[in-house]
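# Coordinate analysis (summary)
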Amino acid sequence: MPTTSPDDPWSAVADDWGRYWGTFAQPVWEPLLRTARIGRGTRVLDVGCGSGELLEHLQDRGAVPSGVDPSSRMAELAQARAIGVDVRLGDFERLPFGDGAFDALLAVNALQFAEDQDAALAEAGRVLVPGGVVGLAGWAERARNDLDAINVALAEVDDDEPPEDGPLRVEGGLADVLRGAGWDVLDDGVVPVAWTARGDTDLVRGILFGEADSTIADLAPVVLDAAAPFRRPDGTYRLMNAYRWAVARVPT
Ligand SMILES: C[S@@+](CC[C@H](N)C(=O)[O-])C[C@H]1O[C@@H](n2cnc3c(N)ncnc32)[C@H](O)[C@@H]1O
């Protein structure tokens, strides 16, 4: 069983991430890949590849993907899923690949975890060929996410405020970051992203992934109550959320 370490906080939650959230971002893959013109033979690096679902999709499209993630368990899961793909351990800020190794770089729900985003973007530019493309995607602002109702309820338990929207979540935020790096933004947008749970247990475990069993038991009633509006007659849940995306070209 992977353990949590300050240097590798994602390994302890990697299996649950894959189970409950691994394909969640799928609706944003299509505009990213289309705008970045990723197809057969494109050499593409997925940064913060998590449990490897996008790597597998890129393989299916005939692209030549590589993955990088600082979490050893995430990298292990990605390697097991995307057989034959070069998956390495590493941070966005220090990509373990050579200069000009890729035609495209994608980072889905990952840039916000880089402690030094300028260094991360500089690394993206370094590993791309001249004229290569960068695609970023991540959660849109809270107001667009049904999940926010649950986060608000959980924050209230501790008398906390739910986390504020960061600059990457709001309209134009990702494009501004890419423009700030000196790159030509090709397009950006927002897509609906549904999160579904098969029933109460999956709902609670998916929302509280990574928490101890005792915490999950304590907070289950809060989650179930806040999610009641999203419960369907068959007992499943469907929460509509949104992801923003932006794609830019680095100079030739
Ligand atoms: C929310 S998950 C997203 C995983 C995957 N991209 C997806 O969309 O399902 C965030 C991932 O970013 C990774 N991560 C955390 N810090 C990072 C960093 N500094 N550089 C690159 N990846 C990082 C985590 O290990 C984790 O796998």
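Read on for a plain summary of the structure. (Residues numbered from 1 in each chain as written. Predicted model: local features only at pLDDT ≥ 70, side-chain atom pairs only at ≥ 80, totals over all residues. Heavy atoms only, no water.)

Taken in spatial order, the 7 strands make up an open sheet running β3-β2-β1-β4-β5-β7-β6, and their pairing is mixed. Whereas interior strands pair on both sides, the edge strands pair on one side only; in this sheet they are β3 (86–89) and β6 (184–197). Strand-to-strand twist across the sheet, computed as the mean angle between neighbouring axes with direction ignored, equals 20 degrees. Pairing between strand β2 (residues 64–69) and β3: 4 bridges, direction parallel. The partner of Asp-69 across the bridge, within β3, is Leu-89. Relative to strand β7 (residues 237–249), helix α2 (residues 26–35) is tilted by about 15 degrees, and along the sheet it contacts β4 (102–108), β5 (128–139), β6 and β7. (Pairing = 2+ DSSP bridges. Helix = DSSP H or I, 4+ residues; strand = E, 2+ residues; numbered from the N terminus. Axes fitted to C-alpha atoms, helices over the stretch in contact; angles between N-to-C directions. Contact = heavy atoms within 4.5 Å.)

Turning next to the site of the ligand. In the neighbourhood of the ligand, 15 residues make up the surrounding shell, with Gly-48, Asp-69, Phe-92, Glu-93 and Val-108 lying closest. Within the backbone of Gly-48, a nitrogen or oxygen atom sits 2.7 Å from a nitrogen atom of the ligand. Here Phe-92 contributes a backbone N or O atom positioned 2.9 Å from a nitrogen atom of the ligand. Protein contacts shield 93% of the accessible area of the ligand, which totals 590 Å² for the unbound molecule. Its residues assigned to classes, the shell around the ligand shows 8 nonpolar, 4 polar and 3 charged. (Near = heavy atom within 4 Å. Polar contact = N/O pair within 3.5 Å; in protein donor to acceptor, adjacent residues only side chain to side chain. Areas by Shrake-Rupley, 256 points an atom, 1.4 Å probe, with all protein chains shown as cover. Nonpolar A, V, L, I, M, F, W, Y, C, P; charged D, E, K, R; others polar.)

Here we take up the nonpolar core. With 48 residues, the main nonpolar core has Val-28, Leu-32, Ile-38, Trp-195, Leu-203, Ile-207 and Tyr-243 as its most contacted residues. Here the element with the most residues in this core is helix α9 (residues 213–227); it accounts for 6 residues. Discounting residues that sit within four places of it in the chain, Val-28 has contacts with Val-108, Ala-137, Val-191, Tyr-243, Arg-244 and Trp-245. If you look at the next biggest cluster of nonpolar residues, it comprises 28 residues, including Val-47, Leu-95, Phe-97 and Leu-105. (Core = buried A, V, L, I, M, F, W, Y, C linked by side-chain atoms within 4.5 Å. Buried < 20%, exposed > 50% of the residue type's maximum accessible area, 1.4 Å probe, protein only.)

This paragraph deals with the side chain of Arg-244. Within the fold, Arg-244 resides in strand β7. With relative accessibility at 7%, the residue Arg-244 sits in the buried group.

Let's shift gears to unusual backbone geometry. One non-glycine residue with positive phi stands out, namely Arg-37, at about 55 degrees. Structurally, the position occupied by Arg-37 is in the loop between α2 and β1 (43–47). Non-glycine residue Asn-109 carries a positive phi angle of around 55 degrees.

Moving on: the pattern of salt bridges. Summed over all chains, the structure comprises 19 salt bridges. Glu-141 is the salt-bridge partner of Arg-144, the closest N and O atoms lying 3.2 Å from each other. Residue classification places Arg-144 among the partly exposed positions, given a relative accessible area of 40%. Given the relative accessible area of 15%, Glu-141 is considered buried. (Salt bridge = Lys/Arg side-chain N within 4 Å of Asp/Glu carboxyl O.)

Across the interface, helix α8 (residues 200–207) lies against α9 with an axial gap of 9 Å and an inter-helix angle of 110 degrees. Viewed along their axes, α8 and α9 adopt a mutual orientation that is roughly perpendicular. Crossing of α8 over α9 shows right-handed handedness. For the pair α8 and α9, the contacting residues are Asp-200, Leu-203, Val-204, Arg-205 and Ile-207 in the first and Asp-213, Ile-216, Ala-220, Val-223, Leu-224 and Ala-227 in the second. Class assignment for the residues of the contact of α8 with α9 results in 8 nonpolar, no polar and 3 charged. (Parallel < 35°, antiparallel > 145°, perpendicular 65-115°, else oblique. Left-handed = near helix turned anticlockwise from the far one by under 90°.)

These values are about where atoms sit, not about what they do.
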